[in-house]
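Reading the structure
Letter by letter, the chains look like this.
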Amino acid sequence: MRTVNARLGFLLSIFSGLSVVAQTPPPAPGAVAAATNAIGPKIVFATPIHDFGKTKAGEPVHYSYVFTNTGDQLLEVRGVQPSCGCTTAGQWTRQVKPGDSGSIAIQFNSANFNGPVFKTITVTSNAKDQPTTVLQLKGTVWKPIEFSPPYTVLTLMPDAPSASATVRVINNMPEPLQVWDPSSNNQDFTIALRTNTPGKEYQVTISATPPLHAGNVAARITLKTSSATAPTLDIPFWANIQPALMVMPPQIMLPEAPLTTKATPSITIQNNSTNQLTLSDAGVNVPGVDVQVREINHGRTYSVGLVFPQGYANPAGQMTELTIKSSSPRMPLIKVPIMQVAQRFQPPGGLPVTAPVPNQVRPLPPAPPKPTAQLTQ
């Protein structure tokens, strides 16, 4: 009897559950579609690529990229990063509701450009399908008067009789241009002016004659013109005067004295002249240092290796240097200083400090404080 009642109760529970399911209304079709098609915030630009056409160098380019939130949630524009410092971002719309639009202001500085230009701007947002968008800015920058090459370098070898470089002055304006009276602010260089195409193109020749001091020399050429907007032109150039011999590095640095292990530094000697170079009698003015000279490129490049033994220390109060005789008349004796970190010592009960360097100028002790006057009652 109990078994029959249990089965009957089980069947009744099944029927009651079916009745509840039948009475529950199905979800609305629109609710199902909304749950399926939820896309979140979405950013769409009207013109992701802007071509500003042709602009004169020095004139700023302004543009605003317009975008729309085509999603169904709030769009947040979190960052705008141009590809270089010549392009800057202004104010932009940081939050856009679904269906609304915003903008990103961009400015491009064309002062240092000439010819085709291509820049990018990276935009980051909370858009789920495209959190990063790359915008493009392109066009052409032209200069009314340009130099070719824009930067001139004159290289002078140590034993060359002379050296020269040329610069073309090109007029891109419709009206003709006249130039005259070339001059240089450095008297070591001479300037010659020639007309290639009357009114349109000129050629400036820069010449240098030795002897000149080795190193880099910056100079400037000035031309007078018939242009009302540019009555004078400044042409910058650099002269690179090569030394006869180059020692790299110019000095040898050793670890702290005394050496805990042997040290094996090396230097390279480069011959820049047209004559072959020979080296001899290489040595250090301290005993116990081995020096080996190896020719890398015949008459042009040498490697000098040194071996300092364990326990080595530069003698106090003495200039230590490597000397090598050379066949170069401009540097018959090569001298390379040998520097070493000063020895450290442990004072009783104190921290290690660096031993004083001989002949080092010591700072004066601080002056004692001045007594303060007291008022008497």
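Residues numbered from 1 in each chain as written. Predicted model: local features only at pLDDT ≥ 70, side-chain atom pairs only at ≥ 80, totals over all residues. Heavy atoms only, no water.

Focus: the overall build of the chain
The secondary structure content of the chain amounts to two helices and 27 strands. Here the analysis covers contacts within the chain between residues at least 6 apart in sequence; of these, 63% occur between residues at least 24 apart. Carbon and sulfur atoms make up 57% of the accessible area of the chain, which amounts to about 23,500 Å² in all. (Helix = DSSP H or I, 4+ residues; strand = E, 2+ residues; numbered from the N terminus. Contact = heavy atoms within 4.5 Å. Areas by Shrake-Rupley, 256 points an atom, 1.4 Å probe, with all protein chains shown as cover.)

Focus: the environment of Ile104
Within the secondary structure layout, Ile104 lies in strand β7 (residues 101-108). For Ile104 and Ser64, which are 40 residues apart along the polypeptide, the C-alpha to C-alpha distance reads 5.2 Å. Excluding residues within four positions of it along the chain, Ile104 makes contact with Phe45, Tyr63, Ser64, Tyr65, Phe67, Val80, Gln91, Trp92 and Val123.

Details of the nonpolar core
Ranked by size, the top nonpolar core spans 26 residues in total, and within it Val169, Ile206 and Ile235 carry the most contacts. Mapped by element, the contributors of at least two residues to this core are β10 (145-148), β11 (152-156), β12 (163-171), β15 (201-208), β16 (215-225) and β17 (232-241). No other element matches β17, which puts five residues into this core. Every residue in contact with Ile206, bar those within four places of it in the chain, is listed here: Thr152, Leu154, Ala163, Ser164, Ala165, Val167, Phe189, Thr190, Ile191, Ile221 and Phe237. (Core = buried A, V, L, I, M, F, W, Y, C linked by side-chain atoms within 4.5 Å. Buried < 20%, exposed > 50% of the residue type's maximum accessible area, 1.4 Å probe, protein only.)

What to know about the pairing of strand β3 (residues 61-69)
Both faces of the sheet carry side chains from a regular strand, because those side chains alternate between them. Pairing between strand β1 (residues 43-45) and β3: three bridges, direction antiparallel. Residue pairing in the sheet places Val44 in a bridge with Thr68 of β3. Bridge count between β3 and β7: eight bridges; the pairing is antiparallel. Its bridge partner lying in β7, Thr68 is registered against Ser101. (Pairing = 2+ DSSP bridges.)

Quick look at the sheet that holds strand β24 (residues 321-326)
Two modes of strand pairing occur in sheets, parallel and antiparallel, and in both the strands are linked by backbone hydrogen bonds. In space, the four strands of this open sheet follow the order β19-β25-β24-β21, with mixed pairing throughout. In the strand order of this sheet, the two ends are held by β19 (252-254) and β21 (279-284), each with one partner. Within the sheet, the average angular offset between the axes of one strand and its neighbour, ignoring direction, is 15°. Relative to strand β25 (residues 333-340), β24 runs antiparallel, the two sharing five bridges. Within β25, the residue paired with Lys325 across the bridge is Leu333. (Axes fitted to C-alpha atoms, helices over the stretch in contact; angles between N-to-C directions.)

Observations concerning the side chain of Ser110
Among the structural elements, Ser110 can be located in the loop between β7 and β8 (115-125). A distance of 3.4 Å separates a polar side-chain atom of Ser110 from the backbone oxygen of Lys56. Side-chain polar atoms of Ser110 contact the backbone nitrogen of Gly58, separated by 3.1 Å. Once residues within four sequence positions are removed from consideration, Ser110 is found in contact with Thr55, Lys56, Ala57, Gly58, Glu59 and Val141. (Polar contact = N/O pair within 3.5 Å; in protein donor to acceptor, adjacent residues only side chain to side chain.)

Brief notes about the confidence of the model for the chain
Per-residue confidence for the chain averages 84 on the pLDDT scale, and 81% of its residues sit at or above 70. Considering each helix and strand of the chain separately, the mean pLDDT is smallest for helix α2 (residues 29-36), with a value of 45, and largest for strand β23 (residues 301-307), with 97. Contacts for the low-pLDDT stretch residues 17-24, under 50 throughout, to residues beyond four places or in other chains number zero contacts. The low-confidence segment residues 30-36 (pLDDT under 50) makes one contact with residues lying over four places distant or belonging to another chain. (pLDDT = per-residue confidence, 0-100.)

As for the pattern of salt bridges
Tallying each qualifying case throughout the model produces six salt bridges. Residue Arg168 pairs with Glu201 through a salt bridge whose shortest N-O separation is 3.3 Å. In this pair, Arg168 is assigned in strand β12 and Glu201 in strand β15, connecting sequence segments 33 residues apart. Between Asp281 and Lys325 there is a salt bridge, and its shortest N-O distance comes to 3.4 Å. Taken together, the residues Asp281 in strand β21 and Lys325 in strand β24 connect sequence positions 44 residues apart. (Salt bridge = Lys/Arg side-chain N within 4 Å of Asp/Glu carboxyl O.)

Describing the state of the cysteines
One pass over the structure, following the stated rule, counts one disulfide. Between the sulfur atoms of Cys84 and its disulfide mate Cys86 the distance is 2.4 Å. The class for Cys84 is partly exposed, based on a relative accessible area of 25%. (Disulfide = S-S within 2.5 Å.)

Structural notes on the sheet that holds strand β6 (residues 95-96)
Reading across from one edge, β2-β9-β8-β4-β6 is the order of the five strands in this open sheet, with mixed pairing throughout. Each end of this open sheet is capped by a strand with a single partner; those strands are β2 (49-56) and β6. Where β2 lies against strand β9 (residues 132-142), six bridges are found, and the strand directions are parallel. Bridge pairing links Lys54 to Thr140 in β9.

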